[in-house]
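# Commentary on secondary and tertiary structure
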Amino acid sequence: MNLNLSKLMEIPPGIYLQPGEVISPEIINELQIANAQYTKTKNFAEYQRSIQRIFHLKPIQTKKMALQFYLAGFLEGEASLNVGAKKNQSSKFKVYIDPEFSVTQHINGISNLYLAMFVFQTGRIRHKAGSNATFVYTIDNRQSLEEKVIPFYEKYVRLYGSAFKERRVRLFKKLLCLFKEKAHLELDRMINEILPLWDAMRMQIGQKNETFRSLEEAQQYVNTASKTTKRLS
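Description of the structure in this document. Please read these numbers as outputs of a predicted model, since none were measured by experiment.

### Structural notes on the overall build of the protein chain
The helix and strand inventory of the protein chain stands at nine helices and four strands. Reported as C-alpha extents along the three principal axes, the dimensions of the protein chain are approximately 60 × 40 × 35 Å. Within the protein chain, the proportion of its 233 residues that are buried is 43%. If you take every contact in the protein chain between residues at least 6 apart in sequence, the share linking residues at least 24 apart comes to 67%. Just so you have it, the protein chain exposes about 13,100 Å², and 50% of that area is on carbon and sulfur atoms. Across the protein chain, the 34 positively charged side chains and the 22 negatively charged ones have centroids separated by 3 Å.

Next up, the structure:
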C-alpha cells in the first residue's frame, strides 16, 4: 500500500528545518505551556488544537482506515514499548515500574507524532531534553495503554510486525494485566512476576544511569525494602 502522508493528512509545509538550523525557542516554550495547561485542565481537545497551532498543522481530514494502516507501518519501525524501574519512596516496595509507549521524531516529522496522537486520542508531545529539534510522543497512562495502544497493535501493527516486536507486545500486555490484578502490591508477585517482565523488556543494559544492573539486584532491593517497611510499621 503506497500512501502519501502529506496528501492523506492534508497538511501545509508547516515547520521545516534545514540541516544545522536551530529550532526557535518560542516553539519549545509554547509547547511547555500547552503541556502544563493540559496537565491542569485534562482537556484533550484543547491540547490537540494547541499542537496544531504550535506546529502549523491542519486538522486531519481523511478516511480512518487509511490512517490506521499508515500509522501501523510507521509504529512498527519507529515506536517503542518500554518499561522503566525507578526507586520511589512513596511506592509500597520503594520501586515504581513505569510502562510507556513512545515515538521520537525530528520536528520535520512532527506530523507523524500528531497523527499518532489523533488516532489514539490521548498522550502528549514533548521536546526531548538536550536535543535541538527532536520531539517525543508518549502514552504512560496504564488504562490508555491497555485500552488503546495494545488493541491497535494487535489489530493493525501485527500485520507488519517482526517476531521480536510481537514478543514485546505480549510481554507488555502481560505486565499491564498484572497491574490490573494489583500484583505490584503483593511482594511475591512483584518479585517473581513483575520484575522478571521488566528485566525481559530492558533494551539498554550496562548504562551508567541504570537504577538496577540486574534482575537479581532489583529483586533484592524490593525484598529488603519490604523488610524495612515491616520493621518500621
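### Regarding the side chain of Arg 168
Following the sequence through the fold, Arg 168 ends up in helix 7 (residues 163–180). When near neighbours in sequence (up to four residues on either side) are disregarded, Arg 168 contacts Leu 81, Asn 82, Met 201 and Met 203.

### A word on the packing of helix 7 against helix 8 (residues 187–201)
Each pair of packed helices can be described by the angle between their axes along with the distance between the axes. Close contact between helix 7 and helix 8 brings their axes to 10 Å; oriented N to C, the two are set at 150°. When the interaxial angle is binned, helix 7 and helix 8 end up roughly antiparallel. For the element pair helix 7 and helix 8, the recorded crossing hand is left-handed. Between helix 7 and helix 8, the residues in contact are Arg 167, Arg 168, Leu 171, Phe 172, Lys 174, Leu 175 and Leu 178 and Arg 189, Glu 193, Ile 194, Leu 197, Ala 200 and Met 201, respectively. Across the contact of helix 7 with helix 8, the residue classes tally to eight nonpolar, no polar and five charged.

### Section: the pattern of salt bridges
This model, assessed by the stated rule, comprises ten salt bridges. Residues Glu 154 and Lys 173 are paired through a salt bridge, measuring 2.9 Å at the closest nitrogen-oxygen approach. With Glu 154 in helix 6 (residues 142–155) and Lys 173 in helix 7, this pair connects stretches of sequence that are 19 residues apart. Residue class for Glu 154 comes out partly exposed when judged on its relative accessible area of 28%.

Cut-offs and rules
- Residues numbered from 1 in each chain as written.
- Predicted model: local features only at pLDDT ≥ 70, side-chain atom pairs only at ≥ 80, totals over all residues.
- Heavy atoms only, no water.
- Helix = DSSP H or I, 4+ residues; strand = E, 2+ residues; numbered from the N terminus.
- Buried < 20%, exposed > 50% of the residue type's maximum accessible area, 1.4 Å probe, protein only.
- Contact = heavy atoms within 4.5 Å.
- Areas by Shrake-Rupley, 256 points an atom, 1.4 Å probe, with all protein chains shown as cover.
- Lys, Arg positive; Asp, Glu negative; His and termini not counted.
- Charge placed at Lys NZ, Arg CZ, Asp CG, Glu CD.
- Axes fitted to C-alpha atoms, helices over the stretch in contact; angles between N-to-C directions.
- Parallel < 35°, antiparallel > 145°, perpendicular 65-115°, else oblique.
- Left-handed = near helix turned anticlockwise from the far one by under 90°.
- Nonpolar A, V, L, I, M, F, W, Y, C, P; charged D, E, K, R; others polar.
- Salt bridge = Lys/Arg side-chain N within 4 Å of Asp/Glu carboxyl O.

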